[in-house]
Amino acid sequence: HTLHPPSPSFSREMSAIARWPRGGMATCCCVSMLAMVVALLVYRDTQHNPHHALRSSGPLSSSSSSSSSVRTAHLGIIRRSMSLMPRRTFVDRSSPYSQHAEPSLSRRCEAYGQGFGASSTSNSNPKKKNKQKEKKKSAIGRMLRVDDSFGGFRYTGSLKPGQQSPRRRVDDGIAVPEYHKSGTPSNNGIAPWDKIEVKSAEDIKKMRAAGKIAREILDAAGRMVKPGVTTDSIDALVHSMCMERNCYPSPLNYNHFPKSVCTSINEVICHGIPDSTVLKEGDIVNIDVTVFHDGFHGDCSEMFGVGEIDDESKRLIQVTYDAWQEAIAYCKPGARYNKIGGIIEEHVTKHGYSSSPDFVAHGIGRKFHTKPFILHCKNNENLGKMEPGHVFTIEPMICQGTSSFVMWPDNWTAATKDGKRAAQFEHTFLITKDGIEALTGKLPDSPVQFWENPETRVAL
């Protein structure tokens, strides 16, 4: 599973060895074995340090100007897509802030204690020694913001996971996607040589129907948002409405995601899992609804404030919405997909925010996630041009502070590394001969939010 092949220099060295005279066979064998050992060590390093492997294959950012890195980085685009795939947290295990404790928390705290004024002299009193050790561990835990009640994981904000309810049952007779039992979707449509699918008139008709259902359910879920409501109750509503409308909640068991909707609160960038967490006054939450109906997926998300929210949260949401709208306005036949990210990043950075480069938008249709994969930051990737019949999402995730994230132990919930808030909007879009159409656009009875109303929007 390495993300890059052996280096060209390694191949040249092996070719040179093959041309050595037979008289030096013993030397040749020794050098060959040494080269194999070095190769294995490099391979092992990339396995234990995936961050190094990904960087070696070419970062997907505005600094990626070399076109030769596009093919080698294609796998990186897919790995970082909004495909609800469990993601490994890229961790420097030599750092005291590593999220995956190796060794255990208690041993880490003991080791770190030597660097925080701990005495190296022995103590002949065992009780006093144990008491000092516990006091030291407690102090280190506070300094690292570690909560032992959650297995020692260092959460970056005030949010912690609650208790998950059992997986909800899908009614008999509901048309289900390919992954509903196995939890593993096929990779058809995401290879470098795959073209962006052009939907037929019949496909578009079915996608409009799926998009409308997704919007109806998202509106209903949004109306539930208020202080005292649990995210699990929102999941129950979404699941129930899917069953009533003869459709399948697309996130359910997609790569083993346990719930029917994503609920991302405050510092959670995306893929929050509904549970017993209670919404509080002043929270902000993104609800991401996707449904599978008549063979096609429809995907949309929106922000909601819990009661009265502070001015900074309002400003974050307004900037996110405006950047999203600017990106939408750019889309038309012939427009390049790789320009969307620059439009978004340019808008949000001038207001002091950052756009997450780690989660991308995607094509959608019979597959939940397919080409094109669209970055929400400046890039030079060869992502193709828009054509009538292309269907895809745009879903920027904008952060108040850093766009770097940590992955919770559930291997799904991505939260900002600095604990500051994030916001996101999403539609499923169709490119028409005249421009762009939101297949999950608002309905006549959809609620109008403050950021959409010229009289209540935040002045920037």
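This is a predicted model, so every value here is computed, not measured.

S.K.: For the pairing of strand 14 (residues 427-431), give the residues involved together with the corresponding values.
M.R.: The element strand 14 is largely enclosed, with a buried count of five among its five residues. Of the two faces of strand 14, the one lined by His427, Phe429 and Ile431 and the one lined by Thr428 and Leu430 are each fully buried. Strand direction decides the pairing type here: strand 9 (residues 391-394) and strand 14, joined by four bridges, are antiparallel. In the sheet register, threonine 393 faces strand 14, and the bridge partner there is threonine 428. The loop that links strand 14 with its antiparallel partner strand 15 (residues 436-438) comprises four residues; one of these, glycine 435, has a positive phi angle of about 160°.

S.K.: Describe in detail the nonpolar core, supporting the description with residues and values.
M.R.: The biggest cluster of nonpolar side chains holds 46 residues, and the ones touching the most others in it are Ile217, Val225, Ile234, Val238, Ile287, Val289 and Val291. Elements with a contribution of two residues or more to this core: helix 7 (201-224), helix 8 (231-244), strand 4 (284-293) and strand 5 (296-305). Broken down by element, the residue count for this core peaks at eight residues, all from helix 7. Residues contacting isoleucine 234, with those up to four places away along its chain left out, are Ala221, Met224, Val225, Val229, Thr263, Leu279 and Ile287. Ile196, Ile309, Leu383 and Trp451 belong to the second largest nonpolar core, which has 33 residues in total.

S.K.: With reference to specific residues and values, describe the environment of proline 166.
M.R.: Here proline 166 lies in the loop between helix 6 (126-143) and helix 7. As a C-alpha pair, proline 166 and aspartate 275 span 109 residues in sequence and 10.0 Å in three-dimensional space.

S.K.: So, the sheet that holds strand 3 (residues 268-270): which residues are in play, and what are the values?
M.R.: Strand order in the open sheet formed by three strands is 3-12-11, with antiparallel pairing between adjacent strands. Unpaired on one side and paired on the other, strand 3 and strand 11 (405-407) mark the two borders of the sheet. Looking at each pair of strands side by side, their axes are set apart by 40° on average, direction ignored.

Analysis parameters
Residues numbered from 1 in each chain as written. Predicted model: local features only at pLDDT ≥ 70, side-chain atom pairs only at ≥ 80, totals over all residues. Heavy atoms only, no water. Buried < 20%, exposed > 50% of the residue type's maximum accessible area, 1.4 Å probe, protein only. Helix = DSSP H or I, 4+ residues; strand = E, 2+ residues; numbered from the N terminus. Pairing = 2+ DSSP bridges. Core = buried A, V, L, I, M, F, W, Y, C linked by side-chain atoms within 4.5 Å. Contact = heavy atoms within 4.5 Å. Axes fitted to C-alpha atoms, helices over the stretch in contact; angles between N-to-C directions.

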